[in-house]
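Observations on the model geometry
Take a look at the letters that make up each chain.
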Amino acid sequence: MKTIILAVICSATVVGAGSSTDQKGIEYAKPGGHPLLLDLHIPDGSGPFPAAILVHGGGFDGGSRATNMAPTFQPLADAGFAWFSIDYRMAPEFRFPEARDDIDTAIKWVKANARTYRVDPAKIVLAGESAGGFLVNYAAAHETAGTKVAAVVDIYGPVDYEKIARQRQAYPARFNMASINAHQKTGGGIWFFGVEGYDEASFTTLKTISPLHAVHKGMPPFLAIHGTRDDQVPYEQSTILCEAMRKVGASCEIITVEGGGHGMGSWKDADQQHYKADMVAWLRRTLDLN
């Protein structure tokens, strides 16, 4: 027992020593015996640092904490942010309620460990892309005192799944149906929410879980980042989110990536890279870091 205690103390000392820290595979929860892991980066210095909790996409049945949000790792680190890139429970084994709970658990874990990792608990940002974007949108729209964050970065995340499903049914040629149908086979995509497909009962379920319909005054400021040629989550999903938030007096801005498809990794052109600096500038303003 003495050896175990000493190891924990030494680990905390290393993290708190002021040097830059990168760690992988830290367990932040184990619901039902299923380990949930995260990777983290802590900057040099004594802090406390602003922090970002990063939630990967992948259609709820794929993706990785190590890859999908990777384009944001260096910009955030360079800007002096700590970041925590997390796992969550996915299809085919799990469904939406579990993944939703995992985001809340991650927020609470970062807040509970803020001192250990030199994080400012009042300046925690929740950021996600695609399916992860949906999850951060949902978490912020259904926040509690324990899960409230300072800001949200929604990178082409769905906000009105009912509308997307109806559009896929009516205009399939506008979408990458090959990718969408591949997710269906493993219970990802809209099937993650327990729906049957493109029928009225499913549309009702998708409306119920859509963050758009939970928008309310007092939500944290949102930044939406979206490409204009997204063939899985239409660009208008970001515009309707911002319109709804502004109507209730909440703050929402959009960074538009002209010609951008679905996925930051596909934004290769030099004139599509501005989103990184623009995101950091928005975070600095919003969190009053300047």
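Definitions and limits used
Residues numbered from 1 in each chain as written. Predicted model: local features only at pLDDT ≥ 70, side-chain atom pairs only at ≥ 80, totals over all residues. Heavy atoms only, no water. Helix = DSSP H or I, 4+ residues; strand = E, 2+ residues; numbered from the N terminus. Rg over C-alpha atoms; globule rule 2.2 N^0.38 Å. Contact = heavy atoms within 4.5 Å. Areas by Shrake-Rupley, 256 points an atom, 1.4 Å probe, with all protein chains shown as cover. Lys, Arg positive; Asp, Glu negative; His and termini not counted. Charge placed at Lys NZ, Arg CZ, Asp CG, Glu CD. Disulfide = S-S within 2.5 Å.

With that settled, the discussion passes to the overall build of the protein. Looking only at helices and strands, the protein features 9 helices and 8 strands. A compact globule built from 290 residues should have a C-alpha radius of gyration of about 19 Å, and the protein, at 19 Å, falls within 12% of that. With respect to the principal axes defined by its C-alpha atoms, the protein has extents near 60 × 40 × 35 Å. Within the protein, counting contacts between residues at least 6 apart in sequence, those at least 24 apart form 73% of the total. Entry remark: accessible area of the protein is about 12,400 Å², with carbon and sulfur atoms responsible for 53%. Here the protein contributes 27 positive and 31 negative side-chain charges, whose respective centroids are spaced 4 Å apart.

Right, let's talk about the state of the cysteines for a bit. Evaluated as defined, the whole model comprises 1 disulfide. Each disulfide pairs two cysteine sulfurs, and for C242 the partner residue is C252, the sulfurs being separated by 2.0 Å. The disulfide joining C242 to C252 has a torsion of about -60° about its S-S bond and is therefore left-handed. Taken together, the residues span a long stretch of sequence, with C242 in helix 8 (residues 236-247) and C252 in strand 8 (residues 252-257) at a distance of 10 residues.

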